[in-house]
Amino acid sequence: MRYGLILTSLFACVLSSGCSNNLLVSGSFPSPLIDSDPHTLGVFYDDTFRHYTYTEASEERSKWTIEQGDAQRQLFNTVLGKLFSSSVELSQWPLTEGSELAPSVDLVLQPKVSEFQYSTPRETKFKIYEVWIKYNLSAFDREGQLVADWLVTAYGKTPTAFMKSDEDAMNAAIIVALRDLGANLSLGTLRVPELKVWLENNPAHTQIAANRAQ
Amino acid sequence: MLIHNYRFKHRPLIITVLATALVLLSACTSVNIDEYKSQQDLSLSQGESVVILGRRHSSNYETEPDLISCIGDILKQENSIAVIPEAEFVDDLYPWLEPRTAPLKVKDMPRILKQPLVQQAFDRHRVRYLIWVDGKTETTDSSGSIGCSIGAGGAGCFGFGTWEKESDYVAKLWDFQRLENMGEISADASGTSYMPAIIVPIPIIARVQKSACKAVGLQLRNFLMPDNGSPPVI
């Protein structure tokens, strides 16, 4: 009787794990080949962003759990560190009473994931994994006033043929999507109209200090 | 007794021969090549290199990275042409050659080259030709079935399966110095693979993508080294 119960439990475990996929996204991103803006940027990643995990809620799909917080933070740090002359991670934003922003920070950026979607070959009949991610970016001045608020999209796909497992294929598709996000951030951020005007009208602290020294 | 010894001695050899024969079994593939050359005087100076890049902007397929490296390996044979690995070049030029940003036509190249950092990266790699490869290999048809079973007396398969694959690739050769499209090579390959199974499945594979790669690679080599020797020095 006891053996029967153990066997049934094992069988149930195998069945339930057969339809679930757990993925911790990992990869590396090249530094973009772009000119830097002279401003210093403070970046705030809240806990939801740092530990962003997509969990599939639909009963009709495989039970994917995708942790991509570290990978997307790595991408933002790589790109923003090159897009601006300097970029620092902030531990909190908005500032609470008694806390101070580093004097060199000119502008603060806060990214948020607003949407994550994917499709697998089983669903589309194409032999590719696809991922779409939508980010909401908000830029603030030192006083916490909103300067600009805009959306950035990312898309990535990968054929299954070169991959060893569903997880590897999904990981590759997400890395391609994050590279696409990096391209979008590198070439599009300084063209956001409100941000462009603000950057033109507010010289960087480093520039002001250099002018004073002269 | 003598016969038994003979069999025993030669068994490893027989097994090796059979295994080699199975590996070497491959089905036929047919390849059609078309080429268009806008300039006859293609040349590659000493120290100059080429880079082969796969197109990845289409929504339902992407050019396979292993095809790109396969073509590169053919160009590199006998150290004849310096080929920069695709991933290394795309990373060095990030984000200018991503699917979203890569120039689709040669006349779009000045758009990215007006960035001094991009121009410097091209100069650093001494790139003379950019070769864009667009296309895919896909299974177009399949039929048959193979059943396998396992029992107390052993395991075995029985049946017959067949599938057809088609490759369709176009390679465009851009001259980085002149900023012109110097020519195009298109390759269509198709082949049918078979898998008869009598106890053991025996795959007879048509290497369609490999044939397309070889055809495009050799034709590109011929483009860049018409005399089939070392690249002419200007």
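Residues numbered from 1 in each chain as written. Chains lettered and ligands numbered in written order. Predicted model: local features only at pLDDT ≥ 70, side-chain atom pairs only at ≥ 80, totals over all residues.

### Some points on the overall build of chain A
Reasoning step 1: Assigned secondary structure in chain A consists of seven helices and eight strands.
Reasoning step 2: The proportion of buried residues among the 214 residues of chain A is 29%. (Helix = DSSP H or I, 4+ residues; strand = E, 2+ residues; numbered from the N terminus. Buried ≥ 20, exposed ≤ 12 C-beta atoms within 10 Å, placed from the backbone.)

### Digging into the overall build of chain B
Reasoning step 1: Assigned secondary structure in chain B consists of six helices and six strands.
Reasoning step 2: Sequence separation of 24 or more characterises 72% of the internal contacts of chain B that already satisfy a separation of 6 or more. (Contact = placed C-beta atoms within 7 Å.)

### Examining the packing of helix H2 (residues 65-76) of chain B against helix H6 (residues 208-224) of chain B
Residue and element names in this part refer to chain B.
Reasoning step 1: The interhelical angle for the contact between H2 and H6, taken along N-to-C directions, is 40 degrees, at an axis separation of 8 Å. Classified by the angle between their axes, H2 and H6 sit oblique to one another. The two elements H2 and H6 cross, and the hand of that crossing is right-handed. Listed contacts from H6 to Leu 67, Cys 70, Ile 71, Ile 74 and Leu 75 of H2 are Gln 209, Cys 213, Lys 214, Val 216, Gly 217, Leu 218, Leu 220 and Arg 221. (Axes fitted to C-alpha atoms, helices over the stretch in contact; angles between N-to-C directions. Parallel < 35°, antiparallel > 145°, perpendicular 65-115°, else oblique. Left-handed = near helix turned anticlockwise from the far one by under 90°.)

### Looking at the sheet that holds strand S1 (residues 29-37) of chain B
All names here are of chain B.
Reasoning step 1: If you walk across this open sheet you meet the six strands as S1-S6-S5-S4-S2-S3, and the pairing is mixed. Every interior strand has two partners, whereas the edge strands, S1 and strand S3 (82-84), have only one. Along the sheet, successive strands turn relative to each other by an average axial angle of 20 degrees, direction set aside.
Reasoning step 2: Contacts from H2 reach strand S2 (49-54), S3 and strand S4 (127-151) within the one sheet, and its direction differs from that of S2 by about 160 degrees.
Reasoning step 3: Sitting on the sheet, H6 is in contact with S1, S4, strand S5 (154-175) and strand S6 (180-201), with an inclination near 155 degrees to S6. (Pairing = 2+ DSSP bridges.)

### Thoughts on the environment of Asn 136 of chain A
Reasoning step 1: The topology assignment puts Asn 136 of chain A in strand S7 (residues 128-141).
Reasoning step 2: In sequence terms Asn 136 of chain A and Ser 36 of chain A are 100 residues apart; their C-alpha atoms lie 22 Å from each other.

### Focus on the environment of Leu 90 of chain A
Residue and element names in this part refer to chain A.
Reasoning step 1: With respect to the helices and strands, the residue Leu 90 is situated in strand S5 (residues 84-90).
Reasoning step 2: Accessibility expressed as a C-beta count within 10 Å gives 18 for Leu 90, which makes it partly exposed.
Reasoning step 3: Setting aside its immediate chain neighbours within four residues, Leu 90 contacts Gly 42, Val 43, Phe 44 and Val 108.

### Remarks on the nonpolar core
Reasoning step 1: If you look at the biggest cluster of nonpolar residues, it comprises 82 residues, and the most contacted ones within it are Ile 131 and Val 216 of chain B.
Reasoning step 2: Looking at this core element by element, the count peaks at eleven residues for helix H5 (residues 166-188) of chain A.
Reasoning step 3: Leave out the neighbours within four places in its chain, and Ile 131 of chain B touches Val 50, Ile 52, Ala 171, Leu 173 and Leu 220 of chain B. (Core = buried A, V, L, I, M, F, W, Y, C linked by C-beta atoms within 7 Å.)

### Thoughts on unusual backbone geometry
Reasoning step 1: Cis geometry marks the peptide bond from Trp 93 of chain A to Pro 94 of chain A, where omega comes out at 0 degrees.
Reasoning step 2: By the element assignment, Pro 94 of chain A lies in the loop between S5 and strand S6 (107-119).
Reasoning step 3: At the junction of Tyr 94 of chain B and Pro 95 of chain B, the peptide bond is cis and its omega measures out at 5 degrees in the coordinates.
Reasoning step 4: Summarising the element assignment, Pro 95 of chain B is placed in the loop between helix H3 (86-92) and helix H4 (109-113).
Reasoning step 5: The residue Arg 126 of chain B is not glycine, and still its phi comes out positive at about 50 degrees.
Reasoning step 6: Within the element layout of this structure, Arg 126 of chain B appears in the loop between helix H5 (116-125) and S4.
Reasoning step 7: On the neighbour-count criterion, Arg 126 of chain B (15 C-beta atoms within 10 Å) is partly exposed.

### With respect to H5 of chain B
Reasoning step 1: Judged by how many residues are buried, H5 of chain B sits mostly at the surface: one of ten residues are covered.
Reasoning step 2: Within two residues after H5 of chain B, Arg 126 of chain B carries a phi angle of roughly 50 degrees, on the positive side.

### Some details on the interface of chain B and chain A
Reasoning step 1: Contact with chain B, which involves 16 residues of that partner, is made by 14 residues of chain A.
Reasoning step 2: Among the elements of the structure, H2 and H5 of chain B are those that each provide at least two residues to the side of chain B that touches chain A.
Reasoning step 3: For the side of chain B that touches chain A, the element with the highest residue contribution is H5 of chain B, accounting for three residues.
Reasoning step 4: Residue composition of the side of chain B that touches chain A, by class: eight nonpolar, two polar and six charged. (Nonpolar A, V, L, I, M, F, W, Y, C, P; charged D, E, K, R; others polar.)

### As for the sheet that holds strand S3 (residues 53-55) of chain A
Residues and elements named next belong to chain A.
Reasoning step 1: Taking strand neighbours across the sheet as the criterion, the three strands line up as S1-S4-S3 in an open arrangement whose pairing is mixed. Two strands lie at the open edges of the sheet, namely strand S1 (20-24) and S3, each paired on one side alone. Within this sheet the neighbouring strands show an average axis-to-axis angle of 5 degrees, counted without direction.

### Remarks on the confidence of the model for chain A
All names here are of chain A.
Reasoning step 1: Averaged over all residues, the pLDDT of chain A is 88; the fraction at 70 or higher stands at 89%.
Reasoning step 2: Mean pLDDT values for the elements of chain A range from 50 in helix H1 (residues 2-18) up to 97 in helix H3 (residues 69-83).
Reasoning step 3: For residues 13-17, every residue scores under 50 in pLDDT, and the model assigns this stretch zero contacts once sequence neighbours within four places are set aside. (pLDDT = per-residue confidence, 0-100.)

### Points about the packing of H3 of chain A against H5 of chain A
Residue and element names in this part refer to chain A.
Reasoning step 1: Two elements in contact, H3 and H5, have axes separated by 10 Å at closest approach and are oriented at 25 degrees. Judged by the angle between their axes, H3 and H5 are roughly parallel. With respect to the hand of their crossing, H3 and H5 are arranged in right-handed fashion. Within the contact between the two elements, H3 uses Ala 71, Gln 72, Leu 75, Val 79 and Leu 83 and H5 uses Leu 178, Leu 181, Gly 182, Leu 185 and Ser 186.
Reasoning step 2: Looking at the contact of H3 with H5 residue by residue, the class counts come to seven nonpolar, three polar and no charged.

### Regarding H3 of chain A
A turn of α-helix holds 3.6 residues, and therefore any two residues three or four places apart point the same way.
All names here are of chain A.
Reasoning step 1: Compared with the 21 Å implied by 1.5 Å per residue over 15 residues, the 21 Å span of H3 between its first and last C-alpha is a close match.
Reasoning step 2: Taken residue by residue, H3 has Ala 71, Gln 72, Leu 75, Phe 76, Thr 78, Val 79, Leu 80 and Leu 83 as its buried positions.
Reasoning step 3: The elements touched by buried residues of H3 are strand S2 (37-44), S5, S6 and H5. (Expected span 1.5 Å × (residues − 1).)

### Digging into the confidence of the model for chain B
Regions with low pLDDT carry predicted coordinates that are not meant to be interpreted in detail.
Residues and elements named next belong to chain B.
Reasoning step 1: Chain-level statistics for chain B give a pLDDT mean of 87 and a share of 86% at 70 or above.
Reasoning step 2: The model gives residues 229-234 a pLDDT under 50, and that stretch makes eleven contacts with residues more than four places away or in other chains.
Reasoning step 3: With a pTM of 0.84, the predicted complex shows an ipTM of 0.85.

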